[in-house]
Amino acid sequence: MISKNYFKSLGLAEILEKVTASERLSIDDGRKLFECPDITAVGALASMVRHRLHSDKTYYVLNRHINYTNICVNGCKFCAYARERGEEGAFIFTKEQILEKLRSAPVKPRETHIVGGCHPDLPLSFFEETLTAISEEFPEAPIKAFTAVEIAHFAKLEGISTLEVLKRLQKCGLVMMPGGGAEIFAEETRNKICPKKISAAEWLKVHSEAHSLGITTNCTMLFGHIESIDERLDHLDRLRKQQDASKGFTCFIPLPFLTENSKLEIEDPLTGLDELRTIAISRLMLDNIPHIKAYWVMLTVKQAQVALQFGADDFDGTVVEEKIGHMAGVNSEQALTRKELEEMIRGCGFTPVERDPRFNLIS
Ligand code: V47
Ligand code: SF4
């Protein structure tokens, strides 16, 4: 237990008071937390919030990730996953192959997680048929699918609005959207790392439309590339303002940038401590988003375990097959079993709790 006087000596007395009173932290407070020389004090503050919200629970899900294609028209500079059509390593799955992946999952999935590149001509009807078939065959594995970037891409290809795309996919079983594609909202940096991607305002608009339809969503931030600390704080602030307005974000996933196979040149790669500090500050700034995910795929399992002491309360899940992080060189497993997930969570002093994609608990 860190004493009040110690927080005072670090210049964090006022922040401690706000955290204790569940008051919103300002961007200046966030900056102080990034500058604080003692990262364990930042972690202790985040842990206070994490325990207030979730006590010692850590959530996980039996899920199956499916990356249906890596063919993408956007060509984001940081991305090691995407390929052009016809390029070596380019792939695309059929509806039947996607269903087969769910059928052959090592445990019966309780979440279907589907994301892919922005393919130049896969029609919306392909996704409607695929989602309908999944919903019929796997009703107990609700579908979390398509980033806001993919939704906007489908809308452009079909010449319809993003709201219309969401309504059509919802009819086929879409209940939740993952948080990818947010990257970093700050316009100048966004234009450098992913100039063809939808803007921050468009990304937020698609999420607010999903929320208005009752489709809950996650949100992310890609950090540790060329963004500044102020841009990280601006990103978190835009997310919490959107949440004040539309209230449908369930979980925030801080994604540390993996540098391998990327065309983006990085001067100062992230340290493990930078990752933990950013996770803790996310927990503290995002006072209106219930969950923070320690995504073991990008963090590695051991760092995800440490993140549970730095404000994170969710461990994602079994995953089974992941391509985005692994093509960017991450040295983590492809899959975890329920037993491994539970042991890892218990091993850090937390109680594992199984959930579905919308964080409904599974007893
Ligand atoms: O949008 C791409 C990121 C995201 C790299 O909502 C990279 O539950 C690090 O959003 N280094 C996709 N990150 C993954 C994602 C996600 C994953 C798990 C769960 C959920 C959820 C969402 O991955 C992309 C991009 O921001 N990404 N390349 C890279 N080299
Ligand atoms: Fe395409 Fe997504 Fe990679 Fe960008 S990050 S190139 S949108 S797959």
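Shown above is the structure to which this text applies.
Report on the accompanying structure. On a predicted model such as this, the values are computed, not experimentally measured, just so you know. (Residues numbered from 1 in each chain as written. Chains lettered and ligands numbered in written order. Predicted model: local features only at pLDDT ≥ 70, side-chain atom pairs only at ≥ 80, totals over all residues. Heavy atoms only, no water.)

**Structural notes on the site of ligand 1**
Keep this limit in mind: We define proximity as follows: a residue is near a molecule or strand when any one of its heavy atoms falls within 4 Å of that partner. Note on areas: Shrake-Rupley, 1.4 Å probe, and residue coverage restricted to the protein chains presented here. Starting at the N terminus, helices and strands are each numbered in turn, a helix being any DSSP run of H or I of at least four residues and a strand any DSSP run of E of at least two. For this classification, the nonpolar set comprises Ala, Val, Leu, Ile, Met, Phe, Trp, Tyr, Cys and Pro, the charged set comprises Asp, Glu, Lys and Arg, and every other residue, Gly included, is treated as polar.
Around ligand 1 there are 23 residues in total, and K144, G179, G181, E183 and K293 lie nearest to it. In isolation ligand 1 offers 610 Å² of accessible surface; the protein chains occlude 95% of this area. Where the shell around ligand 1 is concerned, the elements lending two or more residues are β6 (216-223) and β7 (249-256). Tallied by class, residues from the shell around ligand 1 come to twelve nonpolar, seven polar and four charged.

**Things to note about the environment of H54**
Inclusion rule: Note on definitions: a residue-residue contact is assigned when non-hydrogen atoms from the two residues lie within 4.5 Å.
Residue placement: H54 occurs in helix α4 (residues 39-54). Discounting chain neighbours no more than four positions away, the residues touching H54 are Y59, P290, H291 and D313.

**Considering the site of ligand 2**
Residues in contact with ligand 2, as listed here, are C72, N74, G75, C76, F78, C79, Y81, A82, G117 and K197. Class assignment of the residues belonging to the shell around ligand 2 gives a composition of six nonpolar, three polar and one charged.

**Focus: the sheet that holds strand β2 (residues 63-67)**
What counts here: For two strands to count as paired, DSSP must find a minimum of two bridges between them.
The strand order β2-β3-β4-β5-β6-β7-β8 describes an open sheet built from seven strands, whose pairing is parallel. At either margin of the open sheet sits one strand with a lone partner, and together these are β2 and β8 (291-292). Pairing of strand β3 (residues 111-115) with strand β4 (residues 143-145), which is carried by three bridges, proceeds in the parallel orientation. Directly across from I114, in β4, lies its bridge partner A145.

**Section: the nonpolar core**
Quick reminder of the rule: In this description, a nonpolar core means a group of buried Ala, Val, Leu, Ile, Met, Phe, Trp, Tyr and Cys residues linked to one another through side-chain atoms lying within 4.5 Å. Each residue's exposure class comes from its accessible area (1.4 Å probe, protein chains only) as a fraction of the maximum for that residue type: buried when under 20%, exposed when over 50%, partly exposed otherwise.
Counting residues in hydrophobic clusters, the biggest one holds 118 residues, and the most contacted among them are F146, L169, L174 and W203. Ignoring any residue separated from it by four or fewer positions in sequence, one finds L174 in contact with L131, I143, A145, F146, L166, L169 and I215.

**Section: the packing of helix α6 (residues 124-137) against helix α8 (residues 162-171)**
As a reminder of what qualifies: Helix axes are fitted to C-alpha atoms over the stretch in contact, other axes to C-alpha atoms as well, and angles between N-to-C directions run from 0 to 180 degrees. To sort the angles, those under 35 degrees are grouped as roughly parallel, those over 145 as roughly antiparallel, those from 65 to 115 as roughly perpendicular, and the leftovers as oblique.
Closest axis-to-axis distance for the α6/α8 pair is 8 Å, and the angle between their directions is 30 degrees. Looking at the two axes, α6 sits roughly parallel to α8. Residues L124, F127, E128 and L131 of α6 touch α8, and the partners they reach there are V165, R168 and L169.

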